[in-house]
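Here are the chains, one letter per residue:
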Amino acid sequence: MADSAQHAPEPTITVSQRRRAATAAALASTAEWFDYFVFGIAAALVFGKIFFPTTNAAAGVLASFATFAVGFLARPLGGIIAGSLGDKRGRKPVLVLAIALMGTATTLIGLLPTYDTIGIAAPILLVLLRLVQGVAVGAQWGGAMLLATEYAPPGKRGLYGSLVQLGVPIGVVLANTVFLIAARVAPPSDFLTWAWRIPFLVGVLVLGLAWYLHVKIDETPEYRRAEAKLTAEQRGRAQSPLRDVLRDHKGTVLLAGGSFMVNTATFYILLNGVLDYATRHLGMSRTTVLVATLLISTVQLAIIPLSAKLSDRIGRLKIYTFGAAGVALWAIPMFLLIDTASLPLFVVASFVGSLFLGIMYGPQAALFAELFTAEMRYTGASLGYQISAVVGGGLAPFIMVLLLESTGTSMSVSLYIIVLALISLGSIALLAKRAAKSTSDSNDRARETVGDQP
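Predicted model only: the values in this text are computed from it and were never measured. (Residues numbered from 1 in each chain as written. Predicted model: local features only at pLDDT ≥ 70, side-chain atom pairs only at ≥ 80, totals over all residues. Heavy atoms only, no water.)

**Student:** Describe the overall build of the protein chain, and please don't skip the residues or the numbers.
**Tutor:** If you tally the helices and strands in the protein chain, you get 21 helices and zero strands. The dimensions of the protein chain, computed from C-alpha atoms along their principal axes, are 75 × 45 × 35 Å. With 454 residues in all, the protein chain has 56% of them scored as buried. Partitioning the intrachain contacts of the protein chain with sequence separation of at least 6 by distance along the chain shows that 87% fall at a separation of at least 24. Summed over its atoms, the accessible surface of the protein chain is roughly 18,400 Å², and 66% of this surface lies on carbon and sulfur atoms. (Helix = DSSP H or I, 4+ residues; strand = E, 2+ residues; numbered from the N terminus. Buried < 20%, exposed > 50% of the residue type's maximum accessible area, 1.4 Å probe, protein only. Contact = heavy atoms within 4.5 Å. Areas by Shrake-Rupley, 256 points an atom, 1.4 Å probe, with all protein chains shown as cover.)

Laid out in C-alpha cells, this is it:
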C-alpha cells in the first residue's frame, strides 16, 4: 500500500528561493573550482621546483603534472560516494560536506612544508591532499548542478544550470588574480619561498560558504517530490543508485563522459599545459600569460549563459555539437598561432578556443541532468562528468608535455585534441540517436494507451 507521503502536497517554490538556491550553487561551484585551479597553476609554476627537485626541468614539470592528474583519478570516487548519498539522503548535505572537505584540503596545502624541509614526506602529503581535493570536486559538481537545475522554473533549466558552469571561468579568473597579486606583493626571490602559499590559504574562507549552505538553503523540490512518491516498502528497502545506474544506464554514462572529453582536455591544456609551454618553451613572461588567461576566461562569463539560454530554445545537443566541432576545427590553427610567441596571436588563439569550449559548457549541466531520473540523477550525471574529467582533463597537461618532449612539435598536441573531438562528436551523435528512439517509444506507448484519434 502506498505511503501517505505519496499524497503530500507539491512543495511551493518562491522566486526568492529559486534565486537564493541558484546563487548558492554558483558560489559553491566558484569556491570549489578556485581551490582546484589554484593547484593547477601552482603545478605549472611552483611545485616542480619545491616538491619535486630535479636537475631536469621537464622531469620536474612531469612529476608536478602527474600530481595534478592524481586529483582527477579521485574524482569518480567522489562522484560515486556523493552520488549514492545525494540520491538517497539529499543534495544539500552532500554538497555542504564536499565544500568543507575542499576548503580544508586546500588550506592544508598552503601550510605544507617543502621537500627541503621534510624530504620525501612533502610530495607524499601533497599527493594525499590532492586526492582529497579530487574527491571533494567529484562530489561537488553534481550537488551544485542539481541544486540549480532542480530549482529551475519550467523552460529555464539550461540557463539555471549554466550558473553553476560559470564557477569554472570565475574560479580561473580568481585563481589567476590571486597568483598575480601574490607575485606582485612579493619579490621574485620570495615567490617560491612563501608567496605561492597565499592563494591556498584563501581556501579557509570556503568553510564559511559551507556553513551558509547548511543554514540558509532548503533541499531541492525535485528531490522532495521523488522522496514523497516512495512507498513504505520502498523506503524500507536498501537503495543503490550506483547499482541501478550501472545496470540500466551504463551506456548513457559512458556516452555522457565521451561527449565531454574534448572539452575538459582542451580546457586544461589551455589553462595549465599552455602556461608551462609558453613560459618554458616559448620564453613568454609568466605574468603576461597569466594576465592573458585571466582576460580570456572572462569571455566565458558571457558565452556560457548565452549558449545555455539558446539550448533552452533549440535543444542541448545542437549547441553541444557546434561547440565540439569548433574545437576540432580550431585545434591546428590554435597552436600555429601560439607557436609564434606573439602576445596578440596568443590571445587570439586562446580566445577562439575558449569561445568554443564555453559554447559546449553552457548547456552541459542541464543536458547531463536530463539524461537521468531524479532517483539516480546525482549518481548518473556525476559519473558521466567525472569519467570525462579523468580520461580527458586530468591527463591532458601530462600528455601534452610527453607529446612535446617526444615529437618536438605542438602539432602532436593539436592531433591529440582532434582525436578527442571525434570521440566527443561520436558520443553526441549516439546520445541524439538514443534521445530520438526514446521519444519514438514514448509516443508509441501513448498511442497504445489512448488509441488512434480520428
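**Student:** Give me the lowdown on a nonpolar patch on the surface, citing residues and values where you can.
**Tutor:** A surface patch of nonpolar side chains, amounting to about 580 Å² of accessible area, comprises Tyr115, Ile118, Ile120, Ile124, Leu125, Leu128 and Leu131. If you list the elements that add at least two residues to the nonpolar patch, you get helix H5 (115–118) and helix H6 (121–149). Position of leucine 128 relative to the elements: it lies in helix H6. (Patch = residues over 30% accessible without salt bridge, like charges linked within 9 Å, V, L, I, M, F, W, Y side chains within 5 Å. Salt bridge = Lys/Arg side-chain N within 4 Å of Asp/Glu carboxyl O.)

**Student:** Please set out the packing of aromatic side chains residue by residue, giving values where relevant.
**Tutor:** What the rule picks out here adds up to 18 aromatic pairs. Seen in terms of ring centroids, phenylalanine 260 and tyrosine 361 are 5.7 Å apart; in terms of plane orientation they differ by 25°. Their pairing is stacked. With phenylalanine 260 in helix H15 (residues 250–280) and tyrosine 361 in helix H18 (residues 343–370), this residue pair connects regions lying 101 residues apart in the sequence. Residue classification places phenylalanine 260 among the buried residues on the basis of a relative accessible area of 2%. In textbook terms, an aromatic cluster arises when at least three aromatic residues are bridged by ring pairs, as seen for Phe39, Phe47, Phe51, Trp196 and Phe200. The lysine or arginine in question, arginine 130, covers the ring of phenylalanine 39, its NZ or CZ lying 4.3 Å from the ring centre. (Phe/Tyr/Trp six-rings, centres within 6.5 Å; stacked < 30°, edge-to-face > 60°. Lys NZ or Arg CZ within 6 Å of the ring centre and 35° of its normal.)

**Student:** Can you break down the packing of helix H1 (residues 15–45) against helix H8 (residues 167–185) residue by residue, with the values?
**Tutor:** The description of two helices packed together rests on the angle between their axes and the distance between the axes. Between H1 and H8, the least distance of the axes is 7 Å, while the angle of their chain directions is 50°. Between H1 and H8, the crossing angle belongs to the class labelled oblique. Crossing hand, H1 versus H8: right-handed. The residues of H8 that touch H1, namely those facing Ser29, Thr30, Trp33, Phe34, Phe37, Val38, Ile41 and Ala42, are Gly167, Val168, Ile170, Gly171, Val172, Leu174, Ala175, Asn176, Val178 and Phe179. Across the contact of H1 with H8, the residue classes tally to 13 nonpolar, five polar and no charged. (Axes fitted to C-alpha atoms, helices over the stretch in contact; angles between N-to-C directions. Parallel < 35°, antiparallel > 145°, perpendicular 65-115°, else oblique. Left-handed = near helix turned anticlockwise from the far one by under 90°. Nonpolar A, V, L, I, M, F, W, Y, C, P; charged D, E, K, R; others polar.)

**Student:** Hey, could you go over the pattern of salt bridges for me, with residue numbers and the actual values?
**Tutor:** Side chains that differ in sign of charge can pair as their charged atoms come close. With the rule as written, the count across this model stands at ten salt bridges. Residues joined in a network through salt bridges with shared partners are Asp87, Arg91, Glu150 and Arg377.

**Student:** Residues and numbers for the environment of serine 16, please.
**Tutor:** As for its position among the elements, serine 16 is in helix H1. Expressed as a C-alpha distance, the spacing of serine 16 and valine 61, which sit 45 residues apart in the sequence, is 47 Å.

**Student:** Give me a positive patch on the surface: which residues, what numbers.
**Tutor:** On the surface, a cluster of positive charge is made up of Arg19, Lys156, Lys309 and Arg313. One can find arginine 313 in helix H16 (residues 286–314). For arginine 313, a relative accessible area of 67% translates into the label exposed. (Lys, Arg positive; Asp, Glu negative; His and termini not counted. Charge placed at Lys NZ, Arg CZ, Asp CG, Glu CD.)

**Student:** Tell me what's going on with unusual backbone geometry, and back it up with residues and numbers.
**Tutor:** Even without being glycine, alanine 341 reaches a positive phi, approximately 60°. Here alanine 341 shows up in the loop between helix H17 (316–338) and H18.

**Student:** Explain helix H14 (residues 241–248) to me, and be specific about the residues and the numbers.
**Tutor:** Three or four residues apart is the spacing at which side chains of an α-helix point the same way, because the helix has 3.6 residues per turn. For H14, the full list of buried residues reads Pro241, Asp244 and Val245. Looking down the long axis of H14, one finds its buried residues gathered within 95° of arc, a one-sided arrangement. (Arc of directions from axis to C-beta.)

**Student:** Quick one: what's the story with the confidence of the model for the protein chain, residue by residue and with numbers?
**Tutor:** Here the protein chain averages 82 in pLDDT, and 91% of its residues register 70 or above. Highest mean pLDDT in the protein chain belongs to H17 (95); lowest belongs to helix H13 (residues 232–236) (48). The low-confidence segment residues 1–8, where pLDDT is below 50, has 13 contacts with residues more than four positions distant or belonging to other chains. Taken together, the stretch residues 442–454 has pLDDT below 50 and engages in two contacts with residues farther than four places along the chain or on a different chain. (pLDDT = per-residue confidence, 0-100.)

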